[in-house]
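Per-entry structural report
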Amino acid sequence: MLDRAAHDALVAAVGSENVISDPVQLRSYECDGLTGFRQTPSLVVLPRSTEDVAQAVRACHRHWLPFVARGAGTGLSGGAMPVADGVVISLQRMREIVHIDPVDRRAVLQPGVTNLDITKAAAAHGLYYAPDPSSQQVCTIGGNVAENSGGAHCLKYGFTTNHVLSMTVVLPDGEVVTLGEDTDEQLGPDLRGVVIGSEGTLGIVCDITVRLLRVPETVRTLLAEFPSVTAAGDVVSDLVAAGIIPAAVEMMDNLAIQAAEKAVGAGYTLTTPAALVVELDGPASECEAQFDQVRTICERHGCTRLHIAETAAERAKIWKGRKAAFAAVGRISPDYIVQDGVVPRTRLAEVLSRIEDMGRDAGLRVANVFHAGDGNLHPLVLFDDDAGELERAEQLSTDIAELCVELGGSLSGEHGIGTDKACSMPRMFGEADLSTMDSVRAAFDLRRLCNPGKLLPTPRLCGEKPGRYRPHPLEEAGVIERL
Amino acid sequence: MTDSSFDATNPPSRELLNDCVHCGFCLPTCPTYQLWGEEMDSPRGRIYLMDLAERGEIELEGAFTEHIDACLGCMACVTSCPSGVQYDRLLEATRPQVERNVPRARSDRWFRNGIFALFPYRRRLRAAAIGGALYQKLRLPALAERVLPPRLRAAQALMPQVRLRSAFASLPRRVRAEGEPRRRVALLSGCVQDVFFHEVNTATQRVLAAEGCEVLTPRDQGCCGALGLHAGREPHARERAKQTIATFEKLPVDNIVVNVAGCGSSMKEYGHLLADDPEWTDRAEAFSAKVRDITELLAELEPRAERHRIDAKVAYHDACHLGHAQGIREQPRSVLRTVPGVDLVDLPDAEICCGSAGIYNMVNPEPAEELGERKARNVQAVSPDLLVTANPGCLLQLRRYLDNVPMLHPVQLLDASIQGRRPTEAPMTE
Ligand SMILES: Cc1cc2nc3c(=O)[nH]c(=O)nc-3n(C[C@H](O)[C@H](O)[C@H](O)COP(=O)(O)OP(=O)(O)OC[C@H]3O[C@@H](n4cnc5c(N)ncnc54)[C@H](O)[C@@H]3O)c2cc1C
Ligand code: SF4
Ligand code: SF4
């Protein structure tokens, strides 16, 4: 429970009609897209302007209240999970597209605007916003900035950080600053870049200026099916070796295909072991020439069916299957965990067969959907909570992420560390790295009120000896400390 | 484990609740989430609260009831959910629980009872229509606007311009097919439809006949129970369903045709509604299997009657109970496209409800009004000559906000085309 003074200060900051304090209502904010982690907040505030956000953060700072920003709550790493006795600052009443500048090709957005709405609004000018997470119809640009989200087309176009020019940020003590410049050249240390991907730990992002791109002249999309995941993986390597940079290369295995077909009937063959979606875009002549190369490479690796989208509707259908795949797994399993890891592209086949073995040992099914071009895997661990499989599933999921690190990759490609993987961070980073990150955090948030317990491991969360963590020599010498 | 807060009669089932994976894909098309941006007024939040109630962690009374009441039952979330969560079933199971177990404030109870004492009865609706006509003659609406509380004001503003003659006209019991008969069908004439939109029923009969269908319209039919079903008044809905089945199953017809989206969606659900009543299950299933929306039936038939040209830009509004609840989106469009000259346009944010939603705009007037205004703005944005939609509730709701766009049921447009007259002109009758 909040003490009276803190409660009143927050009500004064945003107005009582923008505060939720009913205990039942508060429970609906317990978790984000990762439902395994839950915590009821003490209060939820829904500011309507940057000034409201700043007032709310100042109130939290004054009363030493931890707070967590929340966009659409689609995050998959427990980043928007509330903290005990803390406040949730929901950005869902800041959903305005402030400005679109078709000449300079940029848009200014409030943080609660959905990713897809940016593209919808830009479409009238022949423009679009490039990063396209599968959750684009619902996730917010604020959440995208916090997670440095990516999507299928990030292989060619880059992640959120490559498309955000500047942003207004309410720092954890309530100060309002603008980071970045509205030009391509960023002067000085890139603080904008530090905040992007910091998972809501360095402040609350308000107005965001993004770059818009011109809709490509031509887009060619094909769906190719293969007798094995390995064959599909080899196609990806060969494409890259041939110097082709497709706009997207996505792979799905059989379980994922079954789920997607059940949900949207996108026309994939139900029994095929693996499918690739390859998309090329750019000037027509270049696209056509490369498209032929792609076909040849697919055929060389024993492609069993090649379907080329002839119309925009067919293309949309192929993508619908791919984009619905995550959420559609709900159709073939009562519960699932979406994992997110990266491996070097050359080790795709290896990681998949290891995952298969691990799944078998744990007695659980694992479906795979991934951005094959980046080596970004999304293994989906299927389980049944009511059958008591949650713990086993969580363990398997964590083991898979750590396997990625072991194979020379990363714990996360785009979903972030959040609550979920904070304790795995020492697998990937040494003490020096972690303590440097912690110092950066302290520079922004000395009181450690802004989304505490996320991203970086803490002994309280991870046990006395989190992962392989060993105290840093400076820590032993008492020069630095970690909370 | 604590006991469920629901009683033992058909509570929302654990399996259906488990289907929701909390991904949030349903948020953007939920009208209440669009308005307020609050988790507990989103489909995901409502399911979460149902889940907590099922686990006995929260009470039904209080916030839970408030957020279930605030749901429009528009089923946009069913369309947008990639995991196939059956929110329609969940809501249908939850609302009767609320009606049975949560005492309502006295004024709320009276108001709801009042609606159900009036709407499902054609005779009483007609009496109200006389009252309504008088009321409009005496220019009372302007006065009411000033003195009535919001709910009553909303109810009065929804009163359509009543033509007494059509409110009292009755439909011919049998209309012969023109030319070689292709099907024999029975028509549900509806209660609101028949009193306030009688011309839609007569147009339906003419179009069906022109397309080679013999149309039987039984006089002894009553309300199909849709309004009650969607409001959680389950005993009422079951009673009406049985009556309706009994009336129609006697008729030797291929299909039962309905031109009200809300009625059609509940008639297709009779099998589910009466699943636990052995005497009725099979009869209900057989009945439901025959039910077709008028546009669905027309799309099944190769056009036969000649269509005359109507040069007009026509905006089609998907009624939630047709699009989201029955998945009927393509059929009305393809039927309208059979009319030469019609330039069919879609509305921006087409998937968002207009706020009508059964009795919603009477019991929750404020959000309904905001949604009505939004829809009206989206209609204006495409500047159509005509607005076409297949539900009388939507027509009543949108009329309040759009006085410069003529509105029709799709079958009325088709009727005008077959008769070769302007769609806003009165139809020719024998
Ligand atoms: C089915 C499904 C598919 C997905 N596919 C993808 C994908 O392809 N690629 C991908 O990258 N992600 C994907 N995600 C994950 C998720 O959608 C992204 O991480 C997204 O960016 C989160 O946005 P959100 O608005 O839901 O943020 P939330 O979940 O609400 O929050 C995420 C984090 O951002 C912080 N945050 C939110 N808003 C702000 C703000 N204004 N300022 C500061 N911090 C803030 C929160 O504190 C939290 O730490 C998927 C999720 C689901 C459920
Ligand atoms: S039925 Fe409509 S109002 Fe109710 S939760 Fe679903 S989308 Fe929202
Ligand atoms: S109802 Fe469907 S779309 Fe909505 S959160 Fe649940 S699973 Fe996702």
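Residues numbered from 1 in each chain as written. Chains lettered and ligands numbered in written order. Predicted model: local features only at pLDDT ≥ 70, side-chain atom pairs only at ≥ 80, totals over all residues. Heavy atoms only, no water.

What about the overall build of chain B?
In plain terms, the rule: In this text, helices come from DSSP runs of H or I with a minimum length of four residues, and strands from runs of E with a minimum of two, each type numbered from the N-terminal end. Residue burial is assigned from relative accessible area. The probe radius is 1.4 Å, only protein chains are included, and a residue is buried under 20% of its type maximum, exposed over 50%, and partly exposed in between. Every residue pair with non-hydrogen atoms within 4.5 Å of one another is taken to be in contact. Per-residue and other accessible areas follow the Shrake-Rupley method at a 1.4 Å probe size, with only the shown protein chains counted as cover for residues.
Broken down by element type, chain B carries 25 helices and nine strands. For chain B, the residues scored as buried account for 61% of the 430 residues in total. Intrachain contacts of chain B at a sequence separation of at least 6 include 76% that bridge at least 24 residues. Accessible surface, chain B: about 17400 Å² in total, of which carbon and sulfur atoms supply 50%.

What to know about the site of ligand 1
Stated formally: One heavy atom within 4 Å of a molecule or strand makes the whole residue count as near it. Within 3.5 Å is the distance limit for a polar contact, defined as a pair of N or O atoms, with the added protein rule that one can donate a hydrogen and the other accept it, and that residues adjacent in sequence qualify only through two side-chain atoms. Asp, Glu, Lys and Arg are counted as charged, while Ala, Val, Leu, Ile, Met, Phe, Trp, Tyr, Cys and Pro are counted as nonpolar; the rest, among them Gly, fall into the polar class. Reported domain spans reflect what an automatic or database domain assignment gives.
Neighbouring ligand 1 are 36 residues; Ala69, Gly71, Thr74, Ser135 and Thr140 of chain A lie closest to it. With respect to ligand 1, its neighbouring residues span chains A and B. Between ligand 1 and the protein, one listed contact pairs an oxygen atom with a backbone N or O atom of Glu199 of chain A at 3.3 Å. Coverage of ligand 1 by the protein amounts to 99% of the 970 Å² it exposes when considered alone. At the level of elements, strand S3 (67-70), helix H5 (141-147) and strand S10 (204-211) of chain A are the ones that each hand at least two residues to the shell around ligand 1. Partitioned by chemical class, the residues of the shell around ligand 1 number 15 nonpolar, 17 polar and four charged. No fewer than three residues from each of domain 1 (4-90) and domain 2 (97-214) of chain A sit in the shell around ligand 1.

Structural notes on the interface of chain A and chain B
Often, the extent of an interface is quoted as the loss of accessible area on bringing the components together. The test is simple: Accessible surface is computed with a 1.4 Å probe, and the buried area is the amount of it that two parts give up when combined, taken over both parts together. Think of a salt bridge as a Lys or Arg side-chain nitrogen and an Asp or Glu carboxyl oxygen that are within 4 Å of each other.
Taken together, the contact pairs 35 residues of chain A with 32 residues of chain B. Roughly 2700 Å² is buried in total at the junction of chain A and chain B, and carbon and sulfur atoms are behind 51% of that figure. Area buried by chain A at its contact with chain B is led by Val24, Arg27 and Ser28 of chain A, which between them contribute 20% of it. If you look at where chain A meets chain B, you find three salt bridges.

Considerations on the site of ligand 3
Residue and element names in this part refer to chain B. The test is simple: The definitions used throughout rest on a 1 Å grid laid over the protein atoms alone, on which a cavity is an enclosed set of points accommodating a 1.4 Å probe that cannot get out and a pocket is an open set flanked by protein within 12 Å on both sides along at least five of seven lines; lining residues are those having an atom within 4 Å of a point. For this analysis, a molecule is said to be in a pocket or cavity if more than half of its atoms are within 2 Å of the grid points defining it.
Close to ligand 3 lie 13 residues, the nearest being Cys20, Cys23, Gly24, Cys26 and Cys81. Structurally, ligand 3 is housed in the second largest cavity. In the shell around ligand 3, the residues fall into nine nonpolar, three polar and one charged.

Re the side chain of Arg238 of chain B
Residue and element names in this part refer to chain B. Examined against the element boundaries, Arg238 turns out to sit in helix H15 (residues 234-249). Side chain to side chain, Arg238 and Asp276 meet in a polar contact 2.9 Å long. Those residues in contact with Arg238 that lie beyond four places of it in its chain are Leu273, Leu274, Asp276 and Asp277.

Here we look at empty space enclosed by the protein
Residues and elements named next belong to chain B. Our working definition: Grid points are joined across faces, edges and corners, and a volume is the space filled by probe spheres set on the points.
Counted by the stated rule, this structure contains three cavities of 30 Å³ or more. Empty space within the largest cavity amounts to approximately 200 Å³. What lines the largest cavity is a set of 20 residues, among which Cys71, Arg95, His230, Ala231 and Ile359 lie closest to the centre. Where the lining of the largest cavity is concerned, the elements lending two or more residues are helix H4 (63-69), helix H6 (87-101), helix H14 (226-230) and helix H22 (360-363). The greatest single-element share of the lining of the largest cavity, amounting to three residues, is contributed by H6. Within the lining of the largest cavity, the residues separate by chemical class into 10 nonpolar, five polar and five charged.

Regarding the packing of helix H3 (residues 43-54) of chain B against H6 of chain B
Pairs of packed helices are described in terms of their axes, by the angle between the two and the distance that separates them. All names here are of chain B. Our working definition: Where helices are involved, their axes are fitted lines through C-alpha atoms of the stretch in contact, as for all axes, and angles between N-to-C directions lie from 0 to 180°. For classification, angles of less than 35 degrees are called roughly parallel, those exceeding 145 degrees roughly antiparallel, those between 65 and 115 degrees roughly perpendicular, and all remaining angles oblique. The sense of a crossing depends on the near helix, which, turned anticlockwise from the far helix by less than a right angle, makes the crossing left-handed and, turned clockwise, makes it right-handed.
Direction vectors running N to C along H3 and H6 enclose 50°, while the axes themselves pass 11 Å from each other. Judged on the interaxial angle alone, H6 and H3 are oblique. Between H3 and H6 lies a crossing whose hand is left-handed. Contacts between H3 and H6 involve Arg46, Ile47 and Met50 from the first element and Tyr87, Leu90, Leu91 and Thr94 from the second. Looking at the contact of H3 with H6, its residues break down into five nonpolar, one polar and one charged.

Bear in mind that shape data such as this cannot, by itself, settle questions of function.
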